[in-house]
Amino acid sequence: MRRTKPAWQKELALERVKKLFELAAEAHREKTGMEGRYVELARDIAMHYRVSVPKGLRAKFCRKCGSYLSAGSTSAVRTSAAKKAVIITCKKCGNIMRFPYGKRN
Ligand SMILES: [Zn+2]
């Protein structure tokens, strides 16, 4: 077993992950083509420090191909009332991700 990273390092890592997603959103808006790189970096950091990507950001990238996902442009978002889930489809690779809602809170 590897030692876990100190809490302050994890917090710092989390801040960097959030920042990178902000940069990815900006890159996507301005069509710089850099968003994939930012997502990649954010995921690298999260993995390295063993922090989980914050809930609100998990729907912002494809877990399969790593693309930055923006509703209506690079991803299709729909909700399934029967499954009580938000279903996001990556338009690049076709990967389907389900995010259950109403389970917690
Ligand atoms: Zn994908």
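Above this text is the structure in question.
Let us look at the structure shown here. (Residues numbered from 1 in each chain as written. Predicted model: local features only at pLDDT ≥ 70, side-chain atom pairs only at ≥ 80, totals over all residues. Heavy atoms only, no water.)

**Thoughts on the coordination of the zinc ion**
Next, step 1: Donor atoms from the polypeptide that bind the zinc ion are Cys62 (SG), Cys65 (SG), Cys90 (SG) and Cys93 (SG), placed at 2.3 Å.
Next, step 2: Each of the four donor atoms bound to the zinc ion contributes to angles spanning 105 to 114°, and the resulting shape is tetrahedral.
Next, step 3: The sequence motif formed by the donor residues of the zinc ion is C-x2-C-x24-C-x2-C. Here the residue cysteine 65 occupies a position in the loop between α2 (35-48) and β1 (75-80), and cysteine 93 occupies one in the loop between β2 (85-90) and β3 (96-100), the gap between them amounting to 28 residues. (Donors = N, O, S within 2.8 Å, 3.2 Å for Na, K, Ca; no water. Tetrahedral: all angles 85-135°; square planar, octahedral: opposite > 155°, others 65-115°. Helix = DSSP H or I, 4+ residues; strand = E, 2+ residues; numbered from the N terminus.)

**Focus: the environment of alanine 42**
Next, step 1: Looking at where alanine 42 falls in the secondary structure, it is placed in helix α2.
Next, step 2: According to the relative accessible area criterion, alanine 42 is buried, its value standing at 0%. (Buried < 20%, exposed > 50% of the residue type's maximum accessible area, 1.4 Å probe, protein only.)

**Structural notes on the nonpolar core**
Next, step 1: In terms of nonpolar packing, the biggest core is built from 16 residues, with Val17, Phe21, Val39, Ile45, Val53 and Tyr68 touching the most fellow members.
Next, step 2: Looking at this core, the elements with two or more residues in it are α1 (7-29) and α2.
Next, step 3: Excluding residues that lie within four positions of it along the chain, tyrosine 68 makes contacts with Phe21, Ala24, Ala25, His28, Glu35, Val39, Lys60, Phe61 and Thr74.
Next, step 4: Counting residues in each nonpolar core, the second largest holds six residues, with Leu69, Cys90, Met97 and Phe99 among its members. (Core = buried A, V, L, I, M, F, W, Y, C linked by side-chain atoms within 4.5 Å. Contact = heavy atoms within 4.5 Å.)

**Regarding the pattern of salt bridges**
Next, step 1: Applying the stated rule across the entire model yields three salt bridges.
Next, step 2: A salt bridge links lysine 19 to glutamate 22; the nearest nitrogen and oxygen atoms lie 3.6 Å apart. Placement of the pair is lysine 19 and glutamate 22 together in helix α1, with a separation of three residues, close to one helical turn.
Next, step 3: The partly exposed category is assigned to lysine 19, whose relative accessible area is 47%.
Next, step 4: Accessibility expressed as a relative area gives 47% for glutamate 22, which makes it partly exposed. (Salt bridge = Lys/Arg side-chain N within 4 Å of Asp/Glu carboxyl O.)

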